[in-house]
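Architecture and fold: a report
For reference, the chains in residue letters:
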Amino acid sequence: IATKFKLPSILLLLIAGFIVGPVLNWISPHQMFGETFYPFVSLSVALILFEGGLSLKISDLSDTGKIVRNLITLGYAVTSLGTTILASLCFALDLEICLLLGTILAVSGPTVVTPLLRQMKLKHSLATILRWEGITIDPIGATLSVMVYEVIMADKASQAFSVAVEIILATLFVGIVLGTLGAFIIMALFKKRLIPEFLQEALTFIIVIFVYALSGILVPESGLLAVTVMGIILANQQMVVIKHVVTFKENISVLLLSSLFIMLAAQIKLDQLTQ
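Residues numbered from 1 in each chain as written. Predicted model: local features only at pLDDT ≥ 70, side-chain atom pairs only at ≥ 80, totals over all residues. Heavy atoms only, no water.

1. Here's the deal with the nonpolar core
- Ranked by size, the top nonpolar core spans 45 residues in total, and within it Phe 50, Val 227, Met 230 and Leu 234 carry the most contacts.
- If you list the elements that add at least two residues to this core, you get helix H1 (9-23), helix H3 (37-53), helix H7 (124-153), helix H8 (157-191), helix H9 (200-218), helix H10 (223-236) and helix H11 (243-266).
- Looking at this core, the element that brings in the most residues is H3, giving eight residues.
- Apart from the residues within four sequence positions on either side, Leu 234 is in contact with Phe 50, Leu 54, Ala 183, Ile 186, Met 187 and Ile 242.
- Counting seven residues, the second largest nonpolar core, distinct from the first, contains Leu 100, Val 146, Val 163 and Ile 167. (Core = buried A, V, L, I, M, F, W, Y, C linked by side-chain atoms within 4.5 Å. Buried < 20%, exposed > 50% of the residue type's maximum accessible area, 1.4 Å probe, protein only. Helix = DSSP H or I, 4+ residues; strand = E, 2+ residues; numbered from the N terminus. Contact = heavy atoms within 4.5 Å.)

Have a look at this one:
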């Protein structure tokens with residue numbers, strides 16, 4: 001329907017989720033999925049980020065790299081601080097909570113940007129900027145949100161500084177190393193033809209989930225960086241053909257995005273919304 005009438009699909013999905021959830025009480029994601037609900041959401045976001053990484057060509061940054069860099073650094077900082085100040089003025093919350101809110105809300109993310117880019121016919125340069133920003137800002141925002149939370153929980157200023165540095169360095173190291181290893185394992189298996197072609201999509205799917213889970217066990221929220229790095233490396237290598245994997249991941253991403261937006265909207269509580 002959204003494609004037919006040239007509307008953003010996430011708009012209709014959110015409305016549908018809101019109607020079947022808090023309005024009619026037909027669906028309750030927490031009752032349906034129990035403790036597996038949030039893991040399902042996390043794994044879905046990881047697969048969507050990996051699929052997004054597969055669409056990022058480093059060659060596109062020759063003209064737009066500086067803009068993307070500014071958006072994910074200065075742009076993120078301005079949005080975070082602006083949201084922090086507004087939250088403090090509007091809701092009179094503690095400054096620490098406002099800062100945490102700012103770091104979370106500054107993230108756009110591929111779950112929102114990708115469906116919009118599919119719907120809108122933008123200039124290639126603008127679409128490239130939005131795609132790179134939307135996908136790379138997700139692991140950055142997740143890392144900084146965890147860092148801010150841990151800093152808030154720290155007892156002393158010196159401890160807070162060391163915690164912040166430790167989280168950033170650990171996330172970068174684990175995410176980049178595991179993401180790179182995962183990509184090279186896939187490339188090696190494909191190149192040596194150790195895996196039949198009809199199983200390559202399934203194997204990639206499994207390795208992505210394994211890398212995301214292992215990275216998250218070692219350093220919380222580093223899995224998002226790991227799967228993004230995996231996708232970018234595979235998208236820019238010339239060793240093996242991955243067109244069939246890209247097509248498979250696009251199909252999975254569409255199904256997961258559709259499910260996610262309905263379920264996330266369905267779990268909203270009407271009484272909390274009215275407050």
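So that's the structure; there's more coming.
2. Some remarks on the packing of helix H5 (residues 95-105) against H7
- Contact pair H5 / H7: the axes reach a minimum separation of 8 Å and the direction vectors enclose 170°. Relative to H7, the element H5 is oriented roughly antiparallel. Each of Glu 96, Leu 99, Leu 100, Thr 103 and Ile 104 in H5 lies in contact with H7, whose residues at this interface are Gly 141, Ser 145, Val 148, Tyr 149 and Ile 152.
- Of the residues assigned to the contact of H5 with H7, the class counts are six nonpolar, three polar and one charged. (Axes fitted to C-alpha atoms, helices over the stretch in contact; angles between N-to-C directions. Parallel < 35°, antiparallel > 145°, perpendicular 65-115°, else oblique. Nonpolar A, V, L, I, M, F, W, Y, C, P; charged D, E, K, R; others polar.)

3. What about unusual backbone geometry?
- Although it is not a glycine, Asn 25 adopts a positive phi angle of roughly 60°.
- Positive phi values are uncommon outside glycine, yet Ala 92 reaches one of about 55°.
- Here Ala 92 shows up in the loop between helix H4 (61-91) and H5.
- Residue Ala 92 is classed as exposed on the basis of its relative accessible area, which comes to 65%.

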